Structures are given as C-alpha cells and as structure tokens.
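Residues per chain are reported as follows:
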Amino acid sequence: MSTASSTESSSAEPGAPTPPVTTDERPDPDRTAPGRFGALMDRFAPALGAYAVVKATGLTVFMMLLAHTGDYLKKDPGRGGGAQPWDVLGTWDGIWYQRIAENGYDPQLIPLHGFPLASYYENSAAFFPLYPWLMRLVGAVTGLGPYGSGIAVSVLASFVAAAGIFAVAERLGGWRAGVIAAVVWGLFPGSGVEWAVYSDSLFVALSAWACYCVMTRRWVAAGLLTLAAGLNRPTAAALIAAVSIAALVALVRRTDGVRRPLFAMLVTPWGLLWYVAWVGYRMGDWGGYFKLQRGAWNRYFDWGASTFRTILDVVTGHWNFWQSNPAPDLIAIALLIALPGLLVLFLRLRPPLVLVVYTLLTIFTALSSNQIFDNISRYLLPAFPLCIGLAVALRRVRTSSLIGLFAMPAIAAGWYAGYALFELGIP
C-alpha cells in the first residue's frame with residue numbers, strides 16, 4: 001500500500017487532500033499550475049494517450065469482426081444493424097438519442113396490449129436529456145448529423161472521463177496508478193459504449209470529476225457536476241447520495257465551513273428530480289417515468305431477485321430466461337466473479353467516503369434491478385473506482401510487462417466489449 005493511500009480513508013475528513021505519492025517522479029497535482037498548458041499536458045497526456053491506444057485497438061477489432069460476419073446488414077438499423085459497420089455504434093439506445101436530438105420529447109403513456117412483459121409503448125422520455133442536448137449543440141456548431149454529433153460528444157466525454165479517473169487514482173496511488181486506471185477503464189467489460197452514441201462516457205466524466213472535487217474540497221463544483229449528472233442518467237442517484245453524505249459529514253465536522261458543503265447538499269438532486277417531475281407533468285401522471293420504465297422496458301427495482309435467478313440459470317446452462325444472450329451473459333458472470341476481488345483491492349486503499357458510497361451504491365443499483373442480464377457489464381462501467389485498486393496493485397510492474405499484460409485485452413476488447421455487446425447481446 002502506498003504512503004498516500006493510508007492517509008485518506010472513509011473515516012477521515014471528506015475531501016481532505018491526500019499527500020502526493022513521490023515515487024512516480026511526476027508533477028505534484030496540487031502544484032501544477034492550471035493555466036500552464038505544458039504542465040497539464042505533462043500530467044495528463046500519458047494517461048490519455050494510453051487510453052486512446054487501447055480504445056482505438058478495440059474499435060478496430062470490433063469493426064473487423066463486423067465486416068467479417070456481415071451480420072449487421074441483416075439486422076434492423078435500430079437493433080444492431082446498418083449500412084456500414086460503424087452504423088452499429090448508433091443502434092439500440094443510440095437510435096433513441098438521435099431521435100431526441102432531432103425531434104425532442106413527447107412524453108406519453110400509450111397502453112400496449114397482447115405482450116406479457118410490456119404494458120406501454122416505448123417512448124423517448126425514458127432517456128435523460130443532457131446527452132441529446134449536447135448532441136444538438138454540437139450539431140448546430142459543426143453541421144454534423146445526430147450520429148456524428150453523438151459520436152463526437154461520447155469520444156470527447158470519454159477523454160474527460162479518463163482524465164478524471166486518472167486524477168482520482170493519482171491522489172490515491174500516484175501518477176503511475178492513475179495512468180493504469182485510465183487504461184483499465186478503457187478495457188472494462190461494457191466499455192464498447194464509451195465510443196458509441198450512448199450517454200455513459202458523459203456520465204462517468206461528470207461522476208469522476210465530481211468525486212475529485214469532493215476530494216479536493218471544491219464543494220460548489222462538486223454540487224454543480226452532480227446536478228448535471230442527474231440530467232444525464234437516473235443512476236446519478238448513487239452520485240447524489242455520495243456527494244451529499246460527504247458534504248453532510250464535512251458540514252457536521254465544520255472542516256470546510258458551512259456555505260459550500262451546504263450548497264453542494266442542496267443543489268445535487270435537482271437535475272434528476274426536475275426531469276422525472278417534468279416527465280410526470282407532461283404525462284399527467286407524477287409516476288409516469290417509472291411506469292414507462294417498467295411497462296415499456298421491463299426495468300424495475302426488485303432487490304436483486306431477477307439477477308440472482310438469472311445467475312443460477314446461466315451457470316446451469318438454462319437459456320430460456322427473458323432476453324438470454326449466452327456470450328454476453330457469460331461475460332457478465334465472469335465480471336461478477338471478479339467483482340469481489342476488485343472491490344477488496346479498492347477498499348484496501350482506505351479511499352475517501354465519497355468514493356466508497358458512490359461505488360457501493362453503483363454496484364447495488366446495477367445488481368438489484370430487473371434488467372437484461374448482459375447489461376451488467378455496462379451498468380458497472382460507472383463504478384470506475386473498481387479500476388483504481390487494480391491499478392495501484394499493478395503500479396510496481398515494469399512498463400514493458402504492463403504493455404505485454406494489456407496487449408491481448410486491448411485486442412480482445414473488440415470482441416467482449418464491442419461485438420459481443422452490440423451484436424450478440426443488447427447493450
């Protein structure tokens with residue numbers, strides 16, 4: 001364990017700065033002048049460059065697999081198909097985001113009859129607005145269509161997310177651990193959506209930097225970033241709780257005064273609450289958002305009962321459950337087997353309270369809802385602190401050995417995080 005990792009724990013003052021790890025011989029993040037571009041590049045460029053390499057490698061393999069099979073040509077454009085291999089990146093949820101960016105919302109609850117698992121027609125109101133708003137903005141500025149704008153926002157947000165993960169990991173384990181953490185997140189099962197027309201990269205970018213702001217006592221920024229995350233995905237509830245609890249502890253202990261932590265506590269939930277309330281108002285039913293999620297997408301909270309049943313079905317070879325997809329389902333099982341180990345490595349660092357609460361609630365949310373089982377690899381993607389414990393464990397490994405260690409996962413990610421997710425399953 002590093003000298004820094006033991007200084008910042010969940011029992012310590014939330015947001016208390018971690019003394020920098022000096023063994024990496026890299027700039028102290030607390031002394032890097034924000035306005036000096038060269039200093040920032042020296043700090044962040046290796047992590048972002050390594051992240052770009054593994055992502056580009058995986059994407060190339062994904063496109064090669066699509067071209068090899070040609071199966072995408074036989075599928076519906078909204079369900080893993082398209083005219084070109086790269087069109088697959090705009091399917092599934094991506095087609096909904098493109099429609100919203102073009103046409104906006106029309107929240108409705110329209111009854112559907114004759115389907116045992118669906119009582120309402122699907123409606124775009126199930127998808128939160130921040131990502132399609134940014135798509136529309138980028139389209140207006142650049143002239144790109146909804147697909148190009150969505151890819152542009154996702155790729156840019158993924159680099160912001162990788163930088164945030166690096167910054168958080170750097171405080172816990174040093175510069176080298178930060179670089180490795182960014183790479184591990186780029187190879188995580190489910191990471192295929194990071195460079196697709198999906199809102200996940202944007203959410204992780206907001207979450208990572210919100211946590212970093214709490215760790216560095218920038219409460220106003222943390223609150224505003226969390227508010228924005230609430231406009232992006234409903235799972236922002238985990239981030240809202242984490243930032244609010246950390247702010248409450250700081251408020252009780254008077255470590256950062258009253259006004260800034262109090263502001264963070266008060267402002268964090270309003271993005272999420274506003275959108276859910278707006279949808280309910282437009283539908284004429286205050287519970288409309290949740291009825292739509294359950295009635296149209298079969299998504300609802302069940303304390304993990306469906307996840308437990310599906311795990312038993314998968315490991316016993318029974319593929320007759322709702323939306324069974326053998327290859328990505330087995331990938332989800334492999335991730336769940338690795339999850340306790342990743343969690344132990346992370347908690348051994350004695351991380352700050354905000355990271356502990358955020359990670360545990362993100363895992364709880366991912367596993368306690370009825371959903372498509374193979375989506376677990378994607379729903380755990382926001383749990384970026386799980387990458388940090390592994391990164392700290394690997395930081396003493398020589399660079400040449402790390403390159404050899406990550407070479408095959410970077411290639412394989414084109415299958416397990418790309419092709420298996422989009423073509424063999426439903427992301």
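Here, every reference points to the structure presented above.
Here we summarise the structure given alongside this text. Only a predicted model underlies this, so the values are computations on that prediction, with no experimental measurement involved.

The number of helices and strands found in the protein is 17 helices and 2 strands. Over its C-alpha atoms the protein spans a radius of gyration of 21 Å, differing by no more than 12% from the 22 Å that the globule rule assigns to 427 residues. The buried share of the protein, taken over its 427 residues, is 56%. Split by element, the accessible area of the protein, about 17800 Å² in all, is 66% carbon and sulfur.

Moving on to the packing of aromatic side chains. Taken as a whole and judged by the stated rule, the model has 29 aromatic pairs. When the centroid spacing of 5.5 Å and the interplanar angle of 85° are considered together, the rings of tyrosine 289 and phenylalanine 290 count as edge-to-face. Pairing tyrosine 358 with phenylalanine 384 gives two aromatic rings, centres 5.7 Å apart and planes at 40°, and the pair type is tilted. Here phenylalanine 384 lies in the loop between α15 (376-379) and α16 (385-394) and tyrosine 358 lies in helix α14 (residues 353-367), a separation of 26 residues in the sequence. Take tyrosine 358 and phenylalanine 384: they sit in the same class, and that class is buried. Three or more aromatic residues link up through ring pairs in this structure, and these residues are Tyr105, Phe128, Trp133, Trp274, Tyr275, Trp278, Tyr289 and Phe290. A cation over a ring is seen here: lysine 55 above tryptophan 195, with NZ or CZ 6.0 Å from the ring centre. For arginine 294, the ring lying beneath its charged end belongs to tyrosine 300, and the centroid distance is 3.8 Å.

Time to look at the environment of tyrosine 419. Inspection of the secondary structure assignment puts tyrosine 419 in helix α17 (residues 399-422). For the pair tyrosine 419 and valine 61, spaced 358 residues apart in the sequence, the C-alpha separation amounts to 8.9 Å. Dropping the residues within four chain positions of it, tyrosine 419 is found in contact with Phe62, Leu65, Leu66, Thr69, Asp71, Gly414 and Leu424.

With the exception of glycine, most residues fall at negative phi, and the peptide bonds are largely trans. Here the phi dihedral of arginine 254 falls at roughly 60°; this positive angle occurs in a residue that is not glycine. Even without glycine at this site, tryptophan 303 takes up a positive phi of about 60°. Position of tryptophan 303 relative to the elements: it lies in the loop between β1 (300-301) and α12 (305-315). When its relative accessible area of 68% is taken as the criterion, tryptophan 303 is described as exposed.

By the criterion of burial, helix α11 (residues 288-297) is predominantly enclosed, with 7 of the 10 residues buried. Buried residues in α11 make contact with α2 (93-103) and α10 (270-283).

Reading the values: the criteria
Residues numbered from 1 in each chain as written. Predicted model: local features only at pLDDT ≥ 70, side-chain atom pairs only at ≥ 80, totals over all residues. Heavy atoms only, no water. Helix = DSSP H or I, 4+ residues; strand = E, 2+ residues; numbered from the N terminus. Rg over C-alpha atoms; globule rule 2.2 N^0.38 Å. Buried < 20%, exposed > 50% of the residue type's maximum accessible area, 1.4 Å probe, protein only. Areas by Shrake-Rupley, 256 points an atom, 1.4 Å probe, with all protein chains shown as cover. Phe/Tyr/Trp six-rings, centres within 6.5 Å; stacked < 30°, edge-to-face > 60°. Lys NZ or Arg CZ within 6 Å of the ring centre and 35° of its normal. Contact = heavy atoms within 4.5 Å.

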